[in-house]
Amino acid sequence: MTRLPTLFRKIPLPPRAGFLPAAAGLFILYPFLAGDYLIDIAFFFGIYALLGLSLNIVLGEVGLFDLGHAGFYAIGAYTTAILNTQLGVPTLLLLPVSAAAAALFAFLVCSPIIHLRGDYLCVVTIGTGEIIRLALINNPFELTGGPNGVFGVDFPGIGDFFVIDSSIKFYFFVWLVVALSAAGLLRLQRSRIGRAWNYIREDETAAAAAGIDVRSYKLLAFVLGAGLAGAAGNIYAAKLMCVSPESFTFWESCLMFCIVLIGGMGSVPGVLVGAAFVSLFPEIFRPFAMYRMLVFGTVMILMMMFRPGGAWPRRRFTPAPDELSGGSRRNDE
Amino acid sequence: MKKAVLFVAVTALMLTGLPRTAQAADPVVIGLQGPITGPWAYEGEMARRSCEIAAELINKKGGILGGRKVEVRVVDDAGEPKTGALAAQKLVGQKDVAAAVATYGSSISETASTIYEKFKKVNIGYGVTAVRLTQRGFKYFFRTCGRDDSQGAFFAKEVPSRFNARRIAIMHDNTAFGKGLAEDTRKALQDLAGAARVEVVFYDAVTPGEKDFRVILTKLREARPDVWYYTGYYAEAALLVSQARSIGVTCPFVGGNAAINDEFVKIAGIEIAKGCYMTNEPLPSDLPYPEAREFLDAYRAKFGEIPSSPWPIYAADALNIIAHSIDKTGSTRAEVLADYLRDTVNGVPGITGPIGFTPQGDREGVPFYLYVVDASGRITVAK
Amino acid sequence: MRVFLEQVINGLTIGSFYALIALGYSMVYGILKLINFAHGDFFTLGSYLGYTFLVFGSAALTSRLGIWGGMVLVTAASALCVALVGIGVERAAYRPIYPAGRLPAVVSALGASIFLQNAVMVLWGPRYRAYPAELIPDTALAWGGIHVSLLQLVILLVSFALMGALYVIIQRTLFGAAVRATALDRDTASLMGINFNKVILFIFTLGPALGAVTGVMVGLYYRQISFTMGWNYGLKAFTATILGGIGNLPGAMFGGLILGLLEMLGGAYISAAWKDVFVFLILILVLIFRPTGLFGEKTAEKV
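None of the values given here were measured: they were computed from a predicted structure.

### Focus: unusual backbone geometry
Residues and elements named next belong to chain B.
Alright, step 1. With an omega of -10°, the peptide bond between Ala-102 and Thr-103 qualifies as cis.
Alright, step 2. Positioned with a positive phi, Asn-174 is a non-glycine residue whose angle comes to about 60°.
Alright, step 3. Position of Asn-174 relative to the elements: it lies in the loop between strand E6 (167-172) and helix H6 (176-191).
Alright, step 4. Here Asn-174 falls in the buried class, since 22 other C-beta atoms lie within 10 Å of it.

### Things to note about the domain arrangement of chain B
Residues and elements named next belong to chain B.
Alright, step 1. Along its sequence, chain B is carved into domain 1 (2-146 + 288-356) and domain 2 (149-280).
Alright, step 2. For domain 1 versus domain 2, the distance between C-alpha centres works out to 32 Å.
Alright, step 3. Between domain 1 and domain 2, the contact holds 10 residues from the first and 13 residues from the second.
Alright, step 4. Tallied by class, the residues present in the side of domain 1 that touches domain 2 amount to 3 nonpolar, 7 polar and no charged.

### So, the packing of helix H1 (residues 2-32) of chain C against helix H9 (residues 249-269) of chain C
All names here are of chain C.
Alright, step 1. Here H1 crosses H9 at 145°, and the two axes come no closer than 6 Å. Between H1 and H9 the crossing geometry is right-handed.
Alright, step 2. In terms of residue class, the contact of H1 with H9 is built from 17 nonpolar, 9 polar and 1 charged.

### Some details on the interface of chain B and chain A
Alright, step 1. Tallying the contact residues gives 31 residues for chain B and 31 residues for chain A.
Alright, step 2. Mapped onto the side of chain B that touches chain A, the elements with two or more residues apiece are helix H1 (2-15), helix H3 (81-93), helix H4 (106-118) and H6 of chain B.
Alright, step 3. Considered class by class, the residues forming the side of chain B that touches chain A number 13 nonpolar, 11 polar and 7 charged.

### Things to note about the packing of helix H4 (residues 70-87) of chain A against helix H10 (residues 214-240) of chain A
Residue and element names in this part refer to chain A.
Alright, step 1. At a minimum axis separation of 7 Å, H4 and H10 run at an interaxial angle of 45°. Here H4 is positioned oblique relative to H10, judged by the angle of their axes. In the packing of H4 onto H10, the handedness of the crossing is right-handed. Of the residues in H10, those touching H4 at Phe-72, Tyr-73, Ala-74, Ile-75, Gly-76, Ala-77, Thr-80 and Ala-81 are Ala-226, Ala-229, Gly-230, Ala-231, Ala-232, Gly-233, Asn-234, Tyr-236, Ala-237 and Ala-238.
Alright, step 2. Here the contact of H4 with H10 is built from residues that sort into 13 nonpolar, 5 polar and no charged.

### Considerations on the environment of Ala221(A)
All names here are of chain A.
Alright, step 1. Mapped onto the secondary structure, Ala-221 falls in helix H10.
Alright, step 2. Sequence separation between Ala-221 and Lys-169 is 52 residues, and the spatial gap between their C-alpha atoms is 31 Å.
Alright, step 3. Setting aside residues up to four positions removed in sequence, Ala-221 forms contacts with Ile-57, Val-58, Glu-61, Val-62, Leu-64 and Trp-197.

### Concerning the interface of chain C and chain A
Alright, step 1. Of the residues lining the interface, 46 residues belong to chain C; the matching set on chain A comes to 42 residues.
Alright, step 2. Those elements that provide at least two residues to the side of chain C that touches chain A are helix H3 (102-124), helix H5 (174-184), helix H6 (186-191), helix H8 (229-244) and helix H10 (275-289) of chain C.
Alright, step 3. For the side of chain C that touches chain A, the leading source of residues is H3(C), giving 14 residues.
Alright, step 4. Across the side of chain C that touches chain A, the residue classes break down as 32 nonpolar, 6 polar and 8 charged.

About the thresholds
Residues numbered from 1 in each chain as written. Chains lettered and ligands numbered in written order. Predicted model: local features only at pLDDT ≥ 70, side-chain atom pairs only at ≥ 80, totals over all residues. Helix = DSSP H or I, 4+ residues; strand = E, 2+ residues; numbered from the N terminus. Buried ≥ 20, exposed ≤ 12 C-beta atoms within 10 Å, placed from the backbone. Domains from an automatic or database assignment. Contact = placed C-beta atoms within 7 Å. Nonpolar A, V, L, I, M, F, W, Y, C, P; charged D, E, K, R; others polar. Axes fitted to C-alpha atoms, helices over the stretch in contact; angles between N-to-C directions. Left-handed = near helix turned anticlockwise from the far one by under 90°. Parallel < 35°, antiparallel > 145°, perpendicular 65-115°, else oblique.

So, in structure tokens, the structure goes:
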């Protein structure tokens, strides 16, 4: 392992990370070698990486069954779109604002339901996601533009001299945010909060018995996860310059779910792999036209068959198969 | 190390998608962006087929620019804005694509047309009726289909007086197109004043993909409208009318231009369908132009039926007018084509009538008629 | 009042479809803890198979058996085929994943759902299909001003009969007891001598078969089918399953019916555009106050 400057030493790198400098170099060179179409694909890869990381907090670290995460993504995107087009608030400033809005929404909505167990929580999250999407379509108070959505979002920038307006700039912008988030999440994993989260995931009753405030930690996970998704929404809105309800369906929530599972629950590099699969696969397989979704579905099944722990599972979290099934054979999860 | 190699390999594979320069005898490539997969897959498929037929007809007549064939390059946007952005990005990156027929769905077109505008590529929308799309001052965006406000205005002018209706019910499907048309119609109705004043007694939306509308239809029945306008698609329209009649809704039914077609008649059955009205631009089967007959005959010969909605036919017209412009200007450069389309194209015969564009890029002067399904199931102009 | 009654019948019809699909979900869910996303696609497949059988066998069917007889045969044939597909999916996509736990199974189920849905699209094309009107009875009745159709009544009767039959099987027969026992505690059940594979066979033939029957009924009733229709019905049915309580089969049934009635209430008295929001809000409220579903769940509590 190379000697890292003190500032970075606190960030725990996953094992097998020796290739990181090479990969980083490739990442930086990539947009200068590829055309705009390929850069944009990489941009959306970054968005899905961010969304995957955000759901990973809730699903991967704490094990909460969240199938409505697209709702938080939508809130972030629409907050940006509405505040920017109606009140002229600069898009870049709206990045933390959208994150905060989504986080606040999660706090308000999840507080009364956080005590629900596994599958019931799942259905409630599905319901929340659907309510948000339907509300956006129905255009309450003429705010959300109905099925057409809101358009005319400005590019993010600082004043007039630094504006993010090209594919390359968006690429670096989103991946910078991804890198910062990943670093922060890796630190969180090693902290007390991360350990508490994992404890809750493994055995909630024991965690409570050990004195962990389960409710607060779960809520924290939701709030952080929603905030990160909201930030992703802001960047997405800035890039597409408009937001509409089709981008925030239950299907998107399912895709995010797959990213975390296929990549590896609780694994930051795993989420990146999962995001790559979900965003690059449909583009690479365009020539197959309508057969590509058949292949997509098959690959998902095969992935779970051969690598149920994920493509890049969390090192600490690879117990032997019968340990996993031992916990799930009894019907109380 | 293994992962780095894999990453490089994948990147290299993707970079091979970069285009090469075109040569003289190469075909002229026109892009088609549409929802080949996803919830609007049936529209995308028909649009693809229509452009295929249109290109075949052109090539059969000798092609353009001195014998070069027209080739259609299809990119799927899955009916979703993000995929639409990628699809548009893909087409602009391919230097041999002269122009694009794009796309279907106003919210997808919003982003896609912005990309085409930025990279200066002519794009003609065929299923995009939101008014605001041509209010952005874009130079390269056109559309061969109509707009929501013109159809709404026609409804307000024709329907209440024809049916002596004071109480109007409007129903839509919460899609960009359906809701847009419903709102513009309601606005137009509200503008009617004096002796022509009407009351919109019912205004609500159904969810496309659902099948059971009895609940909302019972509500409609209790509102006692004199006429009922549905601005959504034929799939729901057929179900709505059948179910409505079975629970005792007796007022005349008028559909928007996506609501009534042969599929509607087939699904609802002639007994139910006859007597239903529709606001529509002139149907291809009505047009005296040989272009329409030729196109429909060729389509029917290859696929066994004609398109069941108006949008694929607009796509064919978009392709035709692009090919026509390339041929007449002798150039595939976007600035030349855009200027030609805007300034010179006027009354060029098309499948859906004479084609011309306003300075903003809208389809010019498309008239609307009131159609009715007659006793034998055919859709004809209402007398 | 009469309008209200009509709406109630409408709500019950929608609800019985949800209930039947929810039953299939609940069986698999109760025993395997698996959210079978592909279940909605069994429903779609059943509908499309019914369409194909009806269209290609129409002449033979109606001449020999009459319209009603034809429908019964088509439904049975479709149910049989889908039951086979159900077993196939279980063997191919779920069985290898059981040891890995619940969450990978969800992803696998999603993959199976994508595969099935797109397979239907590839095989039958993306266009909507319509059950031929000539082959379906369309007598309408008007009792004291309430409009119902004969087909609607028959469907309601058949749905309730099926629900009742399933209830009897699960609650009153020995095999049903075995199914319930496996749902409670799989390991102990096998210790008691219950053959787990037989139970799996049962739920993966009956569940998809029920879904297929519902699919054909939906096709006959609404006449129009599309390859995406399973997704919405599946989502609503899953909601009904949870609303009724996990592992609780009668609960799933009532959950479906209640969901249908709620949709009706929302659509008729609030707004059709907001009805789904209304339904989900009620669902969330119910779960806040009754965290194990309306009828509670039939599983052991971990201490």
